[in-house]
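The primary structure of each chain is shown beneath.
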Amino acid sequence: MTRGIRLLLRGSTYSGVLFAYCGALASLPLLPFALLPALSWRSAPESVQIVLVLLIWAVLVGVVGLAGPVRRALVVSARRLLRVPLPNPVAGRRTSGSLGLDRWRTPLWLVLHVAVGWTGALASGVLFIMGLSLPGNWLGGEVRASLFGTSVRVSGGWSWVVAAVCILLAVAVCVLVTKALRWSAPRLLGPSAAERLALAAERELLLAERNRIAHELHDSIGHTLTAATIQAAVAGEVLSADPAAARAAMRSIEESTRAALEDLDYVLGVLREDQSGTAPTRTLADLPELLDRLRHAGAMVEPELSGELAQVQGTLSRAAYRILQEGLTNALRHGAGGPIAVRVAAGPNGLDLTVVNRTGARTGPGTGAFPTSGHGLPGLAERVRLLHGDFQSGPDGTQHWRLAVRLPVRVSA
């Protein structure tokens, strides 16, 4: 008995019983409408009238459950009072795939909620009243226990035992009511098959957007910080001997960081769900500016551009710029100095991108170790795979590292 009382006093059980009883009381305004047909059929047996009233009452309760706002209210209240983790209904998609029993799950839950609420309220109420009144015989009645035709009058100390059993049974009813609602809520109020597909699709889009943002941050901010670090080291080395070169390096830092700030503002706007921002477009048309910033950082870049690069547009051009940016950033970070060969060739069937740099220990300004997350090359490989391209990266001989990417033209937007 003590354990049952502890279960009743638990927050989830207490609030679950309250939820069940409130659902039962909320159905009372529909009872007069269910009584009218039974009252008009007075010639029917009493049992038939009772069954008719209950059936019409259940139908009216179920009809109320067909309304979308009712379901949302039930989900919120069940989540708070039953402590069941239910997701919010997917707006506008409730009936798109609601075939079979899906559309009747909420009416069925509402009928079950009312039935369980009334059953629990009547049973626990009677048991509690008996448990409280029997020891003092407040109702002036007599208790008899009958089994196999044998009737025994309950009096004296046995009345306390029967009262304790009634209280315990009332507590058990309250616990069972809560457990029944907690068990049925995810199955009837949870997302349907169509809603689960919609939620999965939305989550997939969200993860894809987050992954794209991570790529943008890694490519843009990572490149800018790498170039700015080297440029700042160059400016510090030549500040006294060549002020003009130092000023040029500082201007390059200003230009590259301003471009990175635009990218960062856009990413922060997306994360804050700010729809007013527009994505900065970096395409192959911005490649000369990127190469100039590298030269200001002290890198020797040997570009080789061929084909009709101006004809490369949309997704293909944006992806090509980011791939070259990441490849050049890796060359700055891990290269050993010397020229960086950049080849961009636009053909009728594809776009070829190649970055080759020397490997080994870097010397000169800005030779400190650059921290790396290890996501650069895997991120590039994933980007190329999504564009149905070919990706190769690895040593080219004994002293060079080669990044080679081929993108099919058919993916251009």
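Residues numbered from 1 in each chain as written. Predicted model: local features only at pLDDT ≥ 70, side-chain atom pairs only at ≥ 80, totals over all residues. Heavy atoms only, no water.

Engineer: What is the right way to read the sheet that holds strand β6 (residues 390–395) from this model?
Structural biologist: In sheet architecture, strand pairing relies on hydrogen bonds along the backbone and comes in two forms, parallel and antiparallel. Taken in spatial order, the five strands line up as β3-β4-β5-β7-β6 in an open sheet, and their pairing is mixed. Each edge of the sheet is formed by a strand with only one pairing partner; in this case those strands are β3 (300–306) and β6. Across the sheet, the axes of successive neighbouring strands diverge by a mean angle of 10°, strand direction being ignored. Examined bridge by bridge, strand β4 (residues 339–346) and strand β5 (residues 350–358) share six bridges and lie antiparallel to one another. Its bridge partner being in β5, A346 is matched across the sheet by L351. (Pairing = 2+ DSSP bridges. Helix = DSSP H or I, 4+ residues; strand = E, 2+ residues; numbered from the N terminus. Axes fitted to C-alpha atoms, helices over the stretch in contact; angles between N-to-C directions.)

Engineer: Sorry, what's going on with a nonpolar patch on the surface here?
Structural biologist: Side chains of V161, V165 and L169 sit close together on the surface and give an oily, nonpolar patch of about 230 Å² of accessible area. Looking at the secondary structure, you find V161 in helix α7 (residues 157–188). (Patch = residues over 30% accessible without salt bridge, like charges linked within 9 Å, V, L, I, M, F, W, Y side chains within 5 Å. Areas by Shrake-Rupley, 256 points an atom, 1.4 Å probe, with all protein chains shown as cover. Salt bridge = Lys/Arg side-chain N within 4 Å of Asp/Glu carboxyl O.)

Engineer: Please clarify how the UniProt feature "transmembrane region" (unreviewed entry) in the chain should be interpreted in this entry.
Structural biologist: As annotated by UniProt and renumbered to match this structure, "transmembrane region" (unreviewed entry) occupies residues 12–36, 48–70, 108–130 and 157–178. As a span, residues 48–70 carries 87% helix and 0% strand, and end to end its C-alpha atoms are 31 Å apart. From the first C-alpha to the last, residues 108–130 spans 33 Å; its make-up is 100% helix and 0% strand. (UniProt positions renumbered as here; feature names shortened; annotations may be inferred.)

Engineer: I tried to follow the packing of aromatic side chains on my own but got confused; where do I start?
Structural biologist: How two aromatic rings sit relative to each other is set out by the distance from centre to centre and by the angle between their planes. Counted under the stated rule, the structure contains two aromatic pairs. Ring centres of F19 and W109 lie 6.3 Å apart, and the angle between their planes is 25°; this geometry places the pair in the stacked category. Linking F19 in helix α2 (residues 11–26) with W109 in helix α6 (residues 105–133), this pair joins segments that are 90 residues apart in sequence. Each member of the pair F19 and W109 is classed as buried. Considering the side-chain rings of W57 and W118, the 6.1 Å spacing of their centres and the 55° angle between planes classify their relative orientation as tilted. Remark: W118 occurs in helix α6 and W57 occurs in helix α4 (residues 46–64); sequence separation between them is 61 residues. (Phe/Tyr/Trp six-rings, centres within 6.5 Å; stacked < 30°, edge-to-face > 60°. Buried < 20%, exposed > 50% of the residue type's maximum accessible area, 1.4 Å probe, protein only.)

Engineer: I'm lost on helix α5 (residues 68–81) in this one. Help?
Structural biologist: Owing to its 3.6 residues per turn, the α-helix brings residues three or four apart onto one side. Between the first and last C-alpha of α5 there are 20 Å, a value that for 14 residues agrees with the 20 Å anticipated at 1.5 Å per step. For α5, the set of buried residues is R71, L74, V75 and A78. The arc that holds every buried residue of α5, seen down its axis, measures 100°, which confines them to one face. Facing away from the buried side of α5, by more than 90 degrees, are the exposed residues P69 and R80. (Expected span 1.5 Å × (residues − 1). Arc of directions from axis to C-beta.)

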